[in-house]
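Spelled out, the chains give:
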Amino acid sequence: MGAGIAEVTMDAGIEVKMYDVKEDMLSTAKKTIWGNIQKKIDKRILRKIDAEKMFMSIQSANKLSQIAHTDIIIEAVVEKMEVKKSIIQEVEQLGNASLIFASNTSSLSITEMAEGSKHRDKIIGMHYFSPVPKMPLLEIVKTPYTSDSTLANAYDLGVRQGKTCIVVKDGPGFYVNRILSPYLNECLLMMEEGVSVEQIDRALTSKGFPVGPLKLMDEVGIDIVVHATNANRDYASKRKGYMPNQGLDKMFAAGYLGKKNKKGFYLYDAATGKSTGTNTAILPFFQTEKKRENTIEAICDRAIYLMLKEAKSCLDEGIISSEQDGNLGAIFGIGFMPYTGGPFSMIQSMGHDSFTAKLTSLAANYGARFDPS
Ligand SMILES: NC(=O)c1ccc[n+]([C@@H]2O[C@H](COP(=O)([O-])OP(=O)(O)OC[C@H]3O[C@@H](n4cnc5c(N)ncnc54)[C@H](O)[C@@H]3O)[C@@H](O)[C@H]2O)c1
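The rules we used
- Residues numbered from 1 in each chain as written.
- Predicted model: local features only at pLDDT ≥ 70, side-chain atom pairs only at ≥ 80, totals over all residues.
- Helix = DSSP H or I, 4+ residues; strand = E, 2+ residues; numbered from the N terminus.
- Rg over C-alpha atoms; globule rule 2.2 N^0.38 Å.
- Buried ≥ 20, exposed ≤ 12 C-beta atoms within 10 Å, placed from the backbone.
- Contact = placed C-beta atoms within 7 Å.
- Near = placed C-beta within 6 Å.
- Nonpolar A, V, L, I, M, F, W, Y, C, P; charged D, E, K, R; others polar.
- Domains from an automatic or database assignment.
- Expected span 1.5 Å × (residues − 1).
- Axes fitted to C-alpha atoms, helices over the stretch in contact; angles between N-to-C directions.
- Left-handed = near helix turned anticlockwise from the far one by under 90°.
- Core = buried A, V, L, I, M, F, W, Y, C linked by C-beta atoms within 7 Å.
- Pairing = 2+ DSSP bridges.
- Parallel < 35°, antiparallel > 145°, perpendicular 65-115°, else oblique.

## Some points on the overall build of the protein
Then comes step 1: When you go through the protein residue by residue, the secondary structure sums to 15 helices and nine strands.
Then comes step 2: For 373 residues, the compact-globule estimate of 2.2 N^0.38 gives 21 Å, and the C-alpha radius of gyration of the protein, at 21 Å, lies within 12% of that figure.
Then comes step 3: Buried positions account for 42% of the 373 residues belonging to the protein.
Then comes step 4: Relative to all contacts within the protein whose residues are 6 or more apart in sequence, the contacts with residues 24 or more apart total 65%.

## Examining the site of the ligand
Then comes step 1: Near the ligand you find 20 residues, and of these M1, M25, V77, S106 and S130 are the closest.
Then comes step 2: Here the residues of the shell around the ligand are counted per class, giving twelve nonpolar, five polar and three charged.

## Observations concerning the environment of T356
Then comes step 1: For T356, the location among the structural elements is in helix 15 (residues 352–366).
Then comes step 2: Looking at T356, the number of C-beta atoms within 10 Å reads 13, which means it is partly exposed.
Then comes step 3: Along the chain, T356 and F370 lie 14 residues apart, while their C-alpha atoms are 9.7 Å from each other.

## A few points about the environment of P284
Then comes step 1: Along the polypeptide, P284 turns up in the loop between strand 9 (275–278) and helix 12 (296–316).
Then comes step 2: Each C-alpha atom of the pair P284 and K250 lies 9.7 Å from the other, and the pair is 34 residues apart in sequence.

## Let's talk about the domain arrangement of the protein
Then comes step 1: Segmenting the protein into domains produces domain 1 (2–169) and domain 2 (176–370).
Then comes step 2: Averaged C-alpha coordinates put domain 1 and domain 2 at centres separated by 29 Å.
Then comes step 3: Listed as interface residues are 14 residues of domain 1 and, on the opposing side, 16 residues of domain 2.
Then comes step 4: For the side of domain 1 that touches domain 2, the elements supplying multiple residues, two or more each, are strand 6 (137–142) and strand 7 (164–169).

## Here we look at helix 13 (residues 323–334)
Then comes step 1: Its twelve residues give helix 13 an end-to-end C-alpha distance of 16 Å, which sits within 8% of 16 Å, the value for a rise of 1.5 Å per residue.
Then comes step 2: Judged by how many residues are buried, helix 13 sits mostly within the fold: ten of twelve residues are covered.
Then comes step 3: Those residues of helix 13 that fall on the buried side of the exposure criterion are D325, G326, N327, L328, G329, A330, I331, F332, G333 and I334.
Then comes step 4: In this fold, the buried residues of helix 13 make contact with strand 6, strand 7, helix 7 (176–192), helix 12 and helix 14 (343–350).
Then comes step 5: Within two residues after helix 13, G335 carries a phi angle of roughly 80 degrees, on the positive side.

## Overview of the packing of helix 7 against helix 9 (residues 213–220)
Then comes step 1: Between helix 7 and helix 9, the shortest axis-to-axis distance is 10 Å and the interhelical angle comes to 115 degrees. The two elements helix 7 and helix 9 meet at a crossing, and its hand is left-handed. Two secondary-structure elements touch here, helix 7 through Y183, L184 and C187 and helix 9 through P213, L214 and M217.

## With respect to unusual backbone geometry
Then comes step 1: Here S130 and P131 are connected by a cis peptide whose omega angle stands at -5 degrees.
Then comes step 2: Positioned with a positive phi, R44 is a non-glycine residue whose angle comes to about 60 degrees.
Then comes step 3: Position of R44 among the secondary structure elements: in the loop between helix 2 (23–42) and helix 3 (48–56).
Then comes step 4: Residues other than glycine seldom take positive phi values, yet F174 does so here, at roughly 50 degrees.
Then comes step 5: Among the secondary structure elements, F174 is positioned in the loop between strand 7 and helix 7.
Then comes step 6: We classify F174 as buried; it has 26 C-beta atoms within 10 Å.

## A closer look at the nonpolar core
Then comes step 1: Grouped together as the largest cluster of nonpolar side chains are 100 residues, with contacts concentrated most on I124, Y175, I179, C187 and I200.
Then comes step 2: For this core, the element with the most residues is helix 7, which contributes ten residues.
Then comes step 3: The contacts of I124, once residues within four sequence positions are left out, are I100, A102, I110, I140, V141, K142, T146, T150, L151 and A154.

## Notes on the sheet that holds strand 3 (residues 72–75)
Then comes step 1: Spatially, the five strands line up as an open sheet ordered 3-4-5-6-7, and their pairing is mixed. In the strand order of this sheet, the two ends are held by strand 3 and strand 7, each with one partner. Adjacent strand axes in the sheet meet at a mean angle of 25 degrees, parallel and antiparallel pairs treated alike.
Then comes step 2: Summarising the sheet, strand 3 and strand 4 (residues 100–103) pair through four bridges and their orientation is parallel. Bridge pairing in strand 4 links E75 to S103.
Then comes step 3: Each of strand 3, strand 4, strand 5 (123–128), strand 6 and strand 7 touches helix 6 (residues 148–160); the most contacted strand, strand 6, lies at about 175 degrees to it.

## Examining the packing of helix 8 (residues 197–207) against helix 9
Then comes step 1: Orientation of helix 8 relative to helix 9, taken along the N-to-C sense of each, is 100 degrees, at an axis distance of 7 Å. Accordingly, the angle class assigned to the pair helix 8 and helix 9 is roughly perpendicular. Contacts between helix 8 and helix 9 pair V197, I200, D201 and L204 from the former with P213, L214 and K215 from the latter.
Then comes step 2: Grouping the amino acids of the contact of helix 8 with helix 9 by side-chain chemistry returns five nonpolar, no polar and two charged.

## Description of the environment of I87
Then comes step 1: Along the chain, the position of I87 falls in helix 4 (residues 81–93).
Then comes step 2: Measuring from C-alpha to C-alpha, the distance between I87 and T360 comes to 47 Å, with 273 residues separating the pair along the chain.
Then comes step 3: Those residues in contact with I87, other than ones at most four positions away along the chain, are E75 and V77.

Okay, structure coming up:
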């Protein structure tokens, strides 16, 4: 993620300093960035001379002190609160009171990070999506302490990086991961009812999602999905009809990380990394007695309507401030069926009464988690 963020910042013509505890990660990041630049040179999007000049604007740093006197630090280190907090404290000791500290965390509380900081108003979330140079969305996460000037600076940087920015309130999963979570869980529950990986992924891609939910988890990393789910568990467990799947944790515990270790819902060719088909070895993790027939329509309804319901809760709770942000976030962050115009346009097209009636009927068939109230 760090390499991607550095690349889009370099593309914006802004000087970048990259820092990592492992120096070899810096050269790997630079190689990745140069590889992407080379593709643009090959396609004649960039002249080599300009590309080289741009590339020189990225410098490596091997000490935190070398990056402390910049305008903004965008942190993309391991997903551990104690590591993030200790970096904030270390940076603060280096004495740049005007520094903005942005975290790219996908599941940790930005508010908690701010509460461990001397300059709470300067802490903000800048949640990019993978792969950063390709994904257009940036979720900017504000806490009750974030100042308007910190927010404006982060927003300005996101726009210069070419991102479509939505400002969201801090809360479990922010907006995009929060609406994704019940959708993914429902697909895993369907696997426990005997629906195959192929059936689920094919049903949702045929509806217009760019990638099926199970393939998506392989792409993002099973570990990342499990961490995000665990971080949301306290919150989710208080919801009506909460019914978590049992299989994903077991998959993770057995060492399945998805595409990154070529072991996930799919199998991958060791040399090319390309998917070679579904992985039947994971089926025992999802074996239960709860067998049920699910048509393509039922698969799509179950997954999509829960996502719509969650999007609506996010608006009601002020996580997003407008339907437009909710539509943009879902389409640009997840690839939510673009032809619908996004979750809120979809609800509007069908009418609120029909939406409520559909949820009520799904609740009667599949459980209280669909209950519209
Ligand atoms: N992978 C994704 O799809 C994704 C998407 C959005 C956000 N994120 C978030 O981005 C962050 C990084 O994720 P990633 O997938 O790039 O992880 P990663 O494990 O690939 O990279 C983390 C990097 O942090 C470095 N690091 C660890 N401790 C450090 C320290 N104390 N100081 C400096 N560097 C340190 C590691 O050496 C490593 O290079 C996480 O917070 C994650 O939640 C990831």
